[in-house]
Amino acid sequence: MATLPAQTRTLQELASAAAARYTAANPLSQASFERSTEFLPGADTRTVNHFDPFPATIVRGEGARLYDLDGHEYLDFLNDYTAGLYGHSNAAIQAAISEAARNGLTLGGPTPNQQEFAELICGRFPSVERARFTNSGTESNLMAVSLARAVTGREGVMVFDGGYHGGPLNFTGTDRRLNLPYRWTVGEYNDAASARALIEAHADDLACVLVEPMLGGGGCIPGTRVFLSALRDATEQYGVLLIFDEVQTSRLAPGGAQEAFGIHADLTTFGKYLGGGASFGAFGGRADLMDRFDPRRPDHFSHAGTHNNNAVTMAAGLVGLRDVLTPAAVRRLSQRGDALRAALNGVASRLDAPAEVTGRASIMTVHFQRAPIRCRADVAATPPAARDLFHLEMLLAGFWIARRGFVTVSLAHDDDDCDAFVAAFEAFLERHGSAIDAALE
Ligand code: PLP
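Residues numbered from 1 in each chain as written. Predicted model: local features only at pLDDT ≥ 70, side-chain atom pairs only at ≥ 80, totals over all residues. Heavy atoms only, no water.

Moving on to the overall build of the protein chain. Looking only at helices and strands, one finds 13 helices and 16 strands in the protein chain. By the compact-globule yardstick of 22 Å for 441 residues, the protein chain fits well, its C-alpha radius of gyration being 22 Å. Dimensions of the protein chain, computed from the C-alpha atoms along their principal axes, are close to 70 × 55 × 45 Å. Going through the 441 residues of the protein chain one by one, you find that 52% of them count as buried. Summed over all atoms, the accessible surface of the protein chain reaches about 18300 Å², with 52% contributed by carbon and sulfur. (Helix = DSSP H or I, 4+ residues; strand = E, 2+ residues; numbered from the N terminus. Rg over C-alpha atoms; globule rule 2.2 N^0.38 Å. Buried < 20%, exposed > 50% of the residue type's maximum accessible area, 1.4 Å probe, protein only. Areas by Shrake-Rupley, 256 points an atom, 1.4 Å probe, with all protein chains shown as cover.)

Written as structure tokens, this is what we have:
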């Protein structure tokens, strides 16, 4: 165990100095940011893209790398919050998109690709007997929850603190003003006993429990088997539907988290990487529930969406899942992610630094604290300035990650990329570990 050198500057001073260096290094991005604020509120069209002092403008991606307006090259360890699993230049996906463009883009009818893609998804994810496509993970969750409310005739929806299911389904913070006006019951993640009690107490009015098998945006906190099993048992007992939001976790094993845990939900939602890099969403599950969307039934529900089977997504998603992300490739990617997380935690422990990297397989979050992490409230121990400093220092060192410390591994990464990331993390902890410790006191 090594001892970190004493630090004289506060974390806040260090973060401000890093922001000044970042600003000086990115004049073109800063100008682009300022011009964009005239047309886009806050200069962007997706809140998570923003960070202070301003985000670098990305002009190009290639393989595992991103390039910005000021000419910097980054190793991309964010990969668009898991949507970029295939990297930026997968040849099979690029060929599929080119072919789709040649064959016509807005066809307005069923296509062979949608059938093969749906068949593949049903074959891959154990509890999915039928699936439907949408355009985003948010929309998939909306459809799954609406289906659950319609078939059960109940109104309430149970979710968990720290859960993220889309813009109007966001339980990661305290500001929930934009959330849909459902009757929400918000439980504590990984607390099996209280979840069971809440389901029992609200059973008469509870349509479904919507849960991520691992909190993603909430800090990469894996659900425990005990917790997820308790949800399965209690929902079954009270006739409540269990919805797994696998928008992120479907990549954690070939058949998703549901396969890894051996726990099958009634409905599952998907998004992100499964579209091969194009906009994507899908939901599916038990045939008796999903068949309510069969228009041949007199009592069917209507499910609309102009671009649900858009040619680019169907082609890129199908080729990606069928030809690139084979079950063996999922396992290899997960092993690389597990090895990276173990190496990062190994460095933190060797330096006795205040850092813990949580997550599973190829998705993880770096936290700067010594307090254990089991649910969303626990990660509040990390000082915000530690996240700011880490993020800016990693950008300056050429690594693209999220402000909140979110990191993912893509198929484009190799061992050298991961080793370089570990070395940068180690250098950061050596330089700033004591300042973080001082802020934690
Ligand atoms: N569910 C989870 C677990 C997510 O991580 C996200 C996006 O971050 C969503 C749903 C929403 O997906 P989309 O951004 O495609 O609407």
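Right, let's get into the site of the ligand. If you check the shell around the ligand, you find Ser-136, Gly-137, Thr-138, Asn-141, Tyr-164, His-165, Gly-166, Glu-212, Asp-245, Val-247, Gln-248 and Lys-272 and nothing else. A distance of 2.9 Å separates an oxygen atom of the ligand from a polar atom in the backbone of Gly-137. Residue Thr-138 places a side-chain N or O atom 2.4 Å away from an oxygen atom belonging to the ligand. Burial of the ligand by the protein amounts to 84% of the accessible area it has alone, namely 390 Å². (Near = heavy atom within 4 Å. Polar contact = N/O pair within 3.5 Å; in protein donor to acceptor, adjacent residues only side chain to side chain.)

One can read the domain layout of the protein chain as domain 1 (6-76 + 327-440) and domain 2 (91-324). Interface of domain 1 and domain 2: buried area, both sides summed, is about 2000 Å²; carbon and sulfur atoms make up 57% of it. The tally of links between domain 1 and domain 2 comes to 1 salt bridge. We note a salt bridge from Glu-188 to Arg-374, for which the minimum N-O separation is 2.7 Å. One can count 11 residue pairs in polar contact (both at pLDDT 80 or more) joining domain 1 with domain 2. (Domains from an automatic or database assignment. Buried area = accessible area lost by both parts, 1.4 Å probe. Salt bridge = Lys/Arg side-chain N within 4 Å of Asp/Glu carboxyl O.)

Spatial strand order, β4-β12-β11-β10-β7-β5-β6: 7 strands in an open sheet with mixed pairing. Looking at the sheet topology across the chains shown, the edges are occupied by β4 (130-134) and β6 (184-187). On average, adjacent strands in this sheet sit at an angle of 20° to one another, irrespective of strand direction. Relative to strand β12 (residues 281-285), strand β11 (residues 267-271) runs antiparallel, the two being bridged by 5 bridges. Each residue of the ladder has a partner; that of Thr-268, found in β12, is Gly-284. Across the sheet, helix α4 (residues 112-124) is in contact with β4 and β11; its angle to β4 comes to roughly 125°. (Pairing = 2+ DSSP bridges. Axes fitted to C-alpha atoms, helices over the stretch in contact; angles between N-to-C directions. Contact = heavy atoms within 4.5 Å.)

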